[in-house]
Amino acid sequence: GDTIAGNLIVNGSLNVTNTTYFGTQAFASIDASGSINALGNLTINNSVFFVNRDTGNIGIGTTTPATTLDISKSDNTTLTIGPAIGAGTSRTSDIEFKAMSSGDGTSRRQTGNIEAGWSGADYVNSYLKLRTLDSDGALTDGLIITGGGDVGIGVNPPLDKFHVNNGTDQNF
C-alpha cells in the first residue's frame, strides 16, 4: 500500500476495508471531530480496547468479551467511577440501573442505584447506599453502610452497628 508521511486530512468519508490494526504502531494521537465508524471489530493495541461488531460487547484487556462490558486484567482489576477532577464539588458517585418501562421496549426507567459518597471534611462520613424505587417512584435507601461500619436497612442514618426499620425500629 501507499505510505503517507505527514498528516492525512479527509474532508468527507474515510472508508477502510479489511483489517485496521492499531497494535504496536506508535501513534501520538488520532483526532476525529466527527464519528469514527468501524464496520468490523475494533481493536486497539491488541486487547487494550476491543468492540465486537456482532454482539456490541466491549472488552478492556480482552478480545473475547463475554458480557456487555468485560474488564479483564492479570492482577487486581479496579473500576473507578467518579466525577472528573475540577468538574465541580460533587461528593457522590452512582451506578444507575434501568429496566424497560414500556411494553414495546422504547423507553427505560431507573429502577435503582448504588451510591457512594461522603459528607464533611476528609472523607470522615463516607457511605455506600443501595437504593430502589418505592411505590411512588422515588429512590429510597434500602441498605446503607457508613464509613464507621454501621449498617442500616430501611433507615438512614443507622443508629447502631445493625439497625433495621421493620415498623418497630430495631437496633442490634
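All residue numbers here refer to positions counted from 1 along the written sequence of the relevant chain. In keeping with the model being predicted, local features are shown solely for residues with a pLDDT of at least 70 and side-chain atom pairs are shown and tallied solely at 80 or more, while totals for entire chains, interfaces and linings include all residues. Side-chain numbers here rest on the full set of heavy atoms in the structure, without hydrogens or water.

Engineer: Would you mind going over the sheet that holds strand 2 (residues 49–51) in detail, with residue names and values included?
Structural biologist: The pairing criterion is simple: DSSP has to find at least two bridges between the two strands. The secondary structure listing takes helices from DSSP runs of H or I that are at least 4 residues long and strands from runs of E that are at least 2 residues long, numbered from the N terminus. One open sheet holds the four strands; their spatial order is 1-2-3-4, and the pairing between them is mixed. Each having just a single partner strand, strand 1 (42–44) and strand 4 (69–71) make up the two edges of the open sheet. The average angle at which neighbouring strand axes cross in this sheet is 10°, direction not considered. By the bridge criterion, three bridges tie strand 3 (residues 58–60) to strand 4 in an arrangement that is parallel. Counted as the bridge partner of Ile60 is Ile71 from strand 4. Note on method: axes are straight lines fitted to C-alpha atoms, helices fitted across the in-contact stretch only, with angles between N-to-C directions ranging 0 to 180 degrees.

Engineer: Give me the lowdown on the pairing of strand 6 (residues 108–119), citing residues and values where you can.
Structural biologist: Direction of pairing for strand 5 (residues 92–100) relative to strand 6: antiparallel, over a ladder of nine bridges. In the sheet register, Thr92 faces strand 6, and the bridge partner there is Gly117. Inspection of the sheet shows strand 6 paired to strand 7 (residues 125–133) by eight bridges, in the antiparallel sense. Bridging across to strand 7, Ile114 finds its partner in Leu130.

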